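# Observations on chain architecture
So the chains spell out like this:
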Amino acid sequence: QMQLVESGGGSVPAGGSLTLSCAASGYTYSRNTCMGWFGQAPGKEREWVATIYPVSGRTYYADSVKDRFTISQDNAKNTFYLKIDSLKPGDTAVYYCASGTKIGGCRYNYWGQGTQVTVSS
């Protein structure tokens, strides 16, 4: 069974950086595997942040985060990451990693439990 475990969240001051990790187990990547990050700010719906295709390394970002967020992966460790630079208070959210399969776009089937990022002003 696929399992995803996020880590790396915490409370940090504005202007800093933070790297979130997602460790995946119980699944072997294929060409059509896609991994994504989502954020849910207080009082708001979950929003897509970024996607990576681990085999090819191709990445995609929401327009609102493209300049400061970087998604990456380490296939040998079955882990992928979200690095957030120049943190702003508006980045405060619970961040979830997810895995899925590309069928047209990426369709996410498995989700982690989330990790809290809190950015102080």
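Worth saying up front: this structure is predicted, and the values here are computed from it rather than measured. (Residues numbered from 1 in each chain as written. Predicted model: local features only at pLDDT ≥ 70, side-chain atom pairs only at ≥ 80, totals over all residues. Heavy atoms only, no water.)

### Concerning the nonpolar core
Just so we agree on the cut-off: Remark: nonpolar core denotes a set of buried residues (Ala, Val, Leu, Ile, Met, Phe, Trp, Tyr, Cys) joined through side-chain atoms within 4.5 Å. Between buried and exposed lies partly exposed: a residue is buried under 20% and exposed over 50% of the maximum accessible area for its type, with that area taken using a 1.4 Å probe on protein chains only. The helix count covers DSSP runs of H or I at least four residues long, the strand count covers runs of E at least two residues long, and both are numbered beginning at the N terminus. In this description, contact between two residues means that some pair of their heavy atoms is separated by no more than 4.5 Å.
Core analysis: the biggest nonpolar cluster contains 28 residues, and Met 35, Trp 37, Val 49, Ile 71, Phe 80, Leu 82 and Tyr 95 have the highest contact counts within it. Of all the secondary-structure elements, those providing two or more residues to this core are strand S3 (18-25), strand S4 (33-40), strand S5 (47-52), strand S7 (69-74), strand S8 (79-84), strand S9 (93-103) and strand S11 (115-120). Sorting elements by how many residues they give to this core places S3 first, with four residues. Apart from residues lying up to four places away in sequence, Ile 71 is in contact with Met 35, Trp 37, Ala 50, Thr 51, Ile 52, Thr 59, Tyr 61, Phe 80, Tyr 81 and Leu 82. Cys 34, Tyr 53, Cys 106 and Tyr 108 belong to the second-largest nonpolar core, a separate cluster that totals six residues.

### Considerations on the state of the cysteines
Worth spelling out the cut-off: By disulfide we mean two sulfur atoms from cysteines, separated by a distance within 2.5 Å.
Summed over the entire model, instances satisfying the criterion amount to two disulfides. One disulfide in the model links Cys 22 with Cys 97; its S-S distance is 2.1 Å. What sets the handedness of the Cys 22 and Cys 97 disulfide is the S-S torsion sign, and at about 60 degrees it is right-handed. On the criterion of sequence distance, the pair formed by Cys 22 in strand S3 and Cys 97 in strand S9 is long-range, its members being 75 residues apart. Judged by relative accessible area, which is 0%, Cys 22 ranks as buried. Covalent S-S linkage joins Cys 34 and Cys 106, the inter-sulfur distance amounting to 1.8 Å. Because the torsion about its S-S bond is 90 degrees, the bridge between Cys 34 and Cys 106 counts as right-handed. One end of the pair, Cys 34, is in strand S4; the other, Cys 106, is in strand S10 (residues 105-111), with 72 residues separating them in the sequence.

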